[in-house]
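Okay, here's what each chain looks like letter by letter:
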Amino acid sequence: MTANKRIVLSSDHAALQTRQAIAEHIAALGWEVVDIGPTTTESTHYPIHGKAAAERVASGDCGLGIILCGTGQGIMMAANKVQGIRCGACCDTFSARMIRQHNDANMLALGVRVTGEGLALDIVDAFLNAEFEGGRHATRVDMIEAS
Ligand code: RB5
């Protein structure tokens, strides 16, 4: 578990409802939620929100981030452009656990047109409950960061 229990949430217009469900869910688990919007379903652009959330994590303001769009893919791509961000788009709990354990992912991306709300909450739990294993995996993560 990351020492910094602040977690940033963001999404595009497609994912407002699921983002709010995640915010309630993780707040109940004791996380300090920093929800940076958007606050309406008016059409917007996922690169803006992926970058904004990623910058909160890269700066150290938040220990982790969860971002959402229709597929999870576009907003994940935007987040990964920010130095120091390792974000995986997951539609299953195994992958969500493994991106923490092996890749030291600091952000999770979800696609609300792929994954229903119940499974999305399980994926969030898998991500938040996993810990980086270090060792040989740290060598590989260092290689990502050095590239
Ligand atoms: C918006 O329609 C959609 O393109 C976006 O939510 C996301 O799926 C992009 O990757």
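Located above this text is the structure these notes cover.
Residue positions within a chain follow its written sequence, with the count starting from 1. This being a predicted model, a pLDDT of at least 70 is required before a residue's local features are given, and a value of 80 or more before pairs of side-chain atoms are given or counted; all residues contribute to the totals for chains, interfaces and linings. The basis for every side-chain value is the complete set of non-hydrogen atoms in the structure, without hydrogens or water.

Chemist: Which residues make up the pairing of strand E2 (residues 32-35), and what are the values?
Modeler: The pairing of strand E1 (residues 6-11) with E2 spans four bridges and is parallel. The residue of E2 that forms the bridge with Arg 6 is Glu 32. In this fold, the crossover linking E1 to E2 by way of helix H1 (residues 16-28) has right-handed handedness. Here, strands pair whenever DSSP counts at least two bridges between them. Each helix is a run of H or I in the DSSP string that is no shorter than four residues. Each strand is a run of E no shorter than two, and both are numbered from the N terminus. A clockwise course of the path from the first strand over the helix to the second, judged with the strands pointing away from the viewer, identifies a crossover as right-handed.

Chemist: Requested: an account of the nonpolar core, with residues and values cited.
Modeler: Among buried residues, those of type Ala, Val, Leu, Ile, Met, Phe, Trp, Tyr and Cys that are joined through side-chain atoms within 4.5 Å constitute a nonpolar core. Each residue is assigned to one of three classes by its accessible area relative to the maximum for its type, calculated with a 1.4 Å probe on protein chains only: buried under 20%, partly exposed between the two thresholds, exposed over 50%. In terms of nonpolar packing, the biggest core is built from 23 residues, with Ile 22, Ile 66, Leu 108 and Leu 110 touching the most fellow members. Secondary-structure elements contributing two or more residues to this core are E1, H1, strand E3 (64-69), helix H4 (93-101), strand E5 (107-111) and helix H5 (117-129). Ranked by the residues each element gives to this core, the list is headed by H5, at seven residues. When residues no more than four places from it in sequence are discounted, the contact partners of Ile 22 are Leu 9, Ile 66, Leu 68, Leu 110, Leu 121 and Val 124. The contact rule is simple, with two residues in contact once any of their heavy atoms fall within 4.5 Å.

Chemist: Before we move on, can you summarise H4 with the specific residues and values?
Modeler: Buried within H4 we find Ala 96, Met 98, Ile 99, Arg 100 and Gln 101. Under the rule applied, a polar contact is a pair of N or O atoms within 3.5 Å (in protein, one hydrogen donor and one hydrogen acceptor; residues adjacent in sequence only if both atoms are side-chain atoms). Looking at where H4 begins, the residue whose side-chain oxygen comes 3.1 Å from the main-chain nitrogen of Phe 94 is Asp 92.

Chemist: So what's going on with the environment of Gly 60? Residues and values would help.
Modeler: With respect to the helices and strands, the residue Gly 60 is situated in the loop between helix H2 (46-58) and E3. Between the C-alpha atom of Gly 60 and that of Trp 31, which follows or precedes it by 29 residues, the distance is 15 Å.

Chemist: Break down the site of the ligand for me, citing the residues and quoting the values.
Modeler: Around the ligand, a shell composed of Asp 12, His 13, Tyr 46, Cys 69, Gly 70, Thr 71, Gly 74 and Arg 113 is seen. Arg 113 places a polar side-chain atom, nitrogen or oxygen, 3.2 Å from an oxygen atom of the ligand. When the ligand is considered free in solution it has 290 Å² of accessible area, and contact with the protein chains removes 71% of it. Distances are taken per atom, and a residue is near a molecule or strand as soon as one of its heavy atoms is within 4 Å of it. Surface exposure here means Shrake-Rupley accessible area, sampled with a 1.4 Å probe, where a residue is shielded only by the protein chains that are shown.

Chemist: How would you summarise the pattern of salt bridges if you had to cite specific residues and measurements?
Modeler: A pair is scored as a salt bridge if a Lys or Arg side-chain nitrogen falls within 4 Å of a carboxyl oxygen belonging to Asp or Glu. Scanning the entire structure with this criterion turns up eight salt bridges. Arg 56 serves as the salt-bridge partner of Asp 61, at 3.1 Å between the closest nitrogen and oxygen. Accessibility expressed as a relative area gives 25% for Asp 61, which makes it partly exposed. Measuring nitrogen to oxygen at the nearest pair gives 3.3 Å for the salt bridge that ties Asp 104 to Arg 86. With Asp 104 in the loop between H4 and E5 and Arg 86 in the loop between helix H3 (73-79) and strand E4 (87-89), this residue pair connects regions lying 18 residues apart in the sequence. Salt bridges sharing common partners tie together Arg 6, Glu 32, Arg 56 and Asp 61.

Chemist: Lay out the packing of H1 against H5 with the relevant residues and their values.
Modeler: For helices, the fitted line uses only the C-alpha atoms of the stretch in contact; every axis is such a line through C-alpha atoms, and the angle between N-to-C directions lies from 0 to 180 degrees. One way to put it is that H1 packs onto H5 with a least axis distance of 10 Å and a crossing angle of 45°. Taken together, the axes of H1 and H5 lie oblique to each other. Read as a crossing pair, H1 and H5 show a hand that is right-handed. Within the contact between the two elements, H1 uses Gln 17, Thr 18, Ala 21, Ile 22, His 25 and Ile 26 and H5 uses Glu 117, Ala 120, Leu 121, Val 124, Asp 125 and Leu 128. In terms of residue class, the contact of H1 with H5 is built from seven nonpolar, three polar and two charged. Any angle from 65 to 115 degrees is called roughly perpendicular, while one under 35 is roughly parallel, one over 145 is roughly antiparallel, and all others are oblique. Left-handed describes a crossing in which the near helix is turned anticlockwise from the far one by less than a right angle; the clockwise case is right-handed. Classification used: nonpolar for Ala, Val, Leu, Ile, Met, Phe, Trp, Tyr, Cys and Pro, charged for Asp, Glu, Lys and Arg, polar for all others including Gly.

Chemist: Account for the environment of Ala 126, with residues named and values stated.
Modeler: Position of Ala 126 relative to the elements: it lies in helix H5. For the pair Ala 126 and Ser 95, spaced 31 residues apart in sequence, the C-alpha separation works out to 8.8 Å. Discounting chain neighbours no more than four positions away, the residues touching Ala 126 are Thr 93, Ala 96 and Arg 97.

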